[in-house]
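Below are the chains, spelled out letter by letter.
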Amino acid sequence: MKDFSQSASLSPQAFVNQVIGHRSGVNAFSQAKSRGFGEAPVNIALSKYWGKRETSLNLPINGSVSISLPGLGTQTELALSEGKHDQIVLNDHTLEPHAAFAQRLSRFLNLFRPTEHTIFQVDTHNTVPTAAGLASSASGYAALVLALDDLFQWQLSTDKLSLLARLGSGSACRSLYPGFAIWHRGERSDGLDSYAEAIDTTWPDLCIGLLKVDIGEKAVGSTVGMQQTVETCELYQAWPEQAENDLKSIQAAILEQDFERLGQTAEHNAMSMHATMMATWPPILYWQPESVAAMQQVWQLRQQGVAVYFTMDAGPNLKLLFLKQEKPAIMQAFGKIDVIEPFAI
Ligand code: 2P0
């Protein structure tokens with residue numbers, strides 16, 4: 001099987017030091033305020049990130065394109081303190097230090113401690129209704145990096161914030177932007193060219209429908225799922241090339257506002273990603289019977305002339321893509337679904 005791996009030429013700490021621009025370990029932290037705040041939206045990939053060429057720096061095998069959903073995301077407040085463990089409050093509940101969420105956050109925050117005795121007080125709220133079935137690690141790490149930037153008054157460029165967010169969770173690098181974003185795969189072994197940028201355009205009629213099948217915790221998380229795919233899936237060999245072609249096609253479709261091309265490419269891309277998941281060993285199948293029923297309903301609607309497509313992430317829920325003029329037909333077919341208009345004024 002092809003080896004996609006690349007060795008990192010920087011440790012995560014050296015990477016962070018490069019990005020925040022200090023070597024001595026003190027300068028970047030000398031301007032700390034008493035509190036920092038950050039807020040970021042969730043994003044949905046139209047062409048997906050699936051597979052890492054390097055895990056410690058979260059370097060992707062392929063680039064991806066996303067759209068952020070305004071109003072759905074994370075708000076995070078940070079303060080410095082002293083003690084043994086970070087104090088992490090998620091949606092008004094204080095987490096135990098050994099909770100998986102807290103451990104992952106603290107490991108990331110280890111890269112940003114002014115002294116070894118420093119702890120962070122983190123107060124984070126997901127504005128994604130838990131019922132929306134949307135991942136929040138992307139908005140979570142983007143909001144956290146913005147809060148760090150505010151707390152330490154770095155005033156980093158958005159490119160640099162995107163690099164830092166990527167280290168927390170790959171897809172977080174796209175959540176620094178409203179609207180469309182493109183995460184460049186990058187080539188370098190230090191990961192300094194793998195960040196997201198805005199695709200500077202709007203599409204006022206574009207709608208995203210959130211079709212919830214199941215909002216429970218998934219059995220296989222993305223980090224593990226994509227690693228298993230890279231390691232055991234023969235079909236994955238074809239993915240990187242398709243993913244890069246899809247990325248270009250989606251980017252062109254966005255710039256030309258060619259909805260058919262956008263929808264077709266996004267749906268094909270999502271199905272191809274899920275095909276690689278299913279062809280791993282042991283198999284990963286995020287779909288449930290209701291997911292398949294919803295896909296068939298989408299295909300049926302298309303046969304009836306309704307221009308609607310779907311994309312799916314590492315879970316059973318569908319995200320529908322359609323233009324405003326189709327909203328009545330979609331609402332009629334699917335009943336009560338949340339419809340987001342990312343560029344509505
Ligand atoms: C995406 N997903 O492009 C793809 C599609 C899930 C399926 O990015 O290991 O939570 O933290 O870098 O960012 C989910 O992966 O994984 C994801 P890590 P992440 O949106």
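Residues numbered from 1 in each chain as written. Predicted model: local features only at pLDDT ≥ 70, side-chain atom pairs only at ≥ 80, totals over all residues. Heavy atoms only, no water.

Q: I keep staring at the overall build of the chain and nothing clicks. Help me out?
A: A tally of regular secondary structure across the chain gives nine helices and 13 strands. Here the C-alpha radius of gyration of the chain, 20 Å, is about what a compact globule of 345 residues would show, namely 20 Å. Seen along its three principal axes, the alpha-carbon backbone of the chain occupies a region of about 65 × 45 × 35 Å. Here the chain holds 345 residues, and the buried ones make up 53% of them. Here the contacts in the chain between residues at least 6 apart in sequence split such that 75% fall between residues at least 24 apart. For the chain, the distance from the average site of its 25 positive side-chain charges to the average site of its 35 negative ones is 2 Å. (Helix = DSSP H or I, 4+ residues; strand = E, 2+ residues; numbered from the N terminus. Rg over C-alpha atoms; globule rule 2.2 N^0.38 Å. Buried < 20%, exposed > 50% of the residue type's maximum accessible area, 1.4 Å probe, protein only. Contact = heavy atoms within 4.5 Å. Lys, Arg positive; Asp, Glu negative; His and termini not counted. Charge placed at Lys NZ, Arg CZ, Asp CG, Glu CD.)

Q: Where do I start with the environment of Leu 262 in this structure?
A: As for its placement among the helices and strands, Leu 262 is situated in helix 7 (residues 259-278). Taking relative accessible area as the criterion, Leu 262 reaches 0% and is therefore assigned buried. Separated by 215 residues in the primary sequence, Leu 262 and Ser 47 have C-alpha atoms spaced 9.7 Å apart. Sequence-distant contacts of Leu 262, that is, excluding residues within four places in its chain, are made with Leu 46, Trp 203, Leu 206, Ile 250, Ala 253 and Ile 254.

Q: How should the site of the ligand be read in this particular structure?
A: With respect to spatial proximity, 18 residues lie near the ligand, and among them Tyr 49, Lys 52, Ser 169, Ser 171 and Thr 223 are the closest. Here an oxygen atom of the ligand sits 2.7 Å away from a polar atom, N or O, in the side chain of Thr 223. In the complex, 93% of the free accessible area of the ligand, which totals 470 Å², lies under the protein chains. When residues of the shell around the ligand are assigned to their parent elements, the largest contribution, three residues, is made by helix 5 (residues 222-232). Among the residues making up the shell around the ligand, the classes are represented as six nonpolar, seven polar and five charged. When residues are assigned to domains, the shell around the ligand turns out to be shared by domain 1 (12-198) and domain 2 (206-340), each giving three or more. (Near = heavy atom within 4 Å. Polar contact = N/O pair within 3.5 Å; in protein donor to acceptor, adjacent residues only side chain to side chain. Areas by Shrake-Rupley, 256 points an atom, 1.4 Å probe, with all protein chains shown as cover. Nonpolar A, V, L, I, M, F, W, Y, C, P; charged D, E, K, R; others polar. Domains from an automatic or database assignment.)

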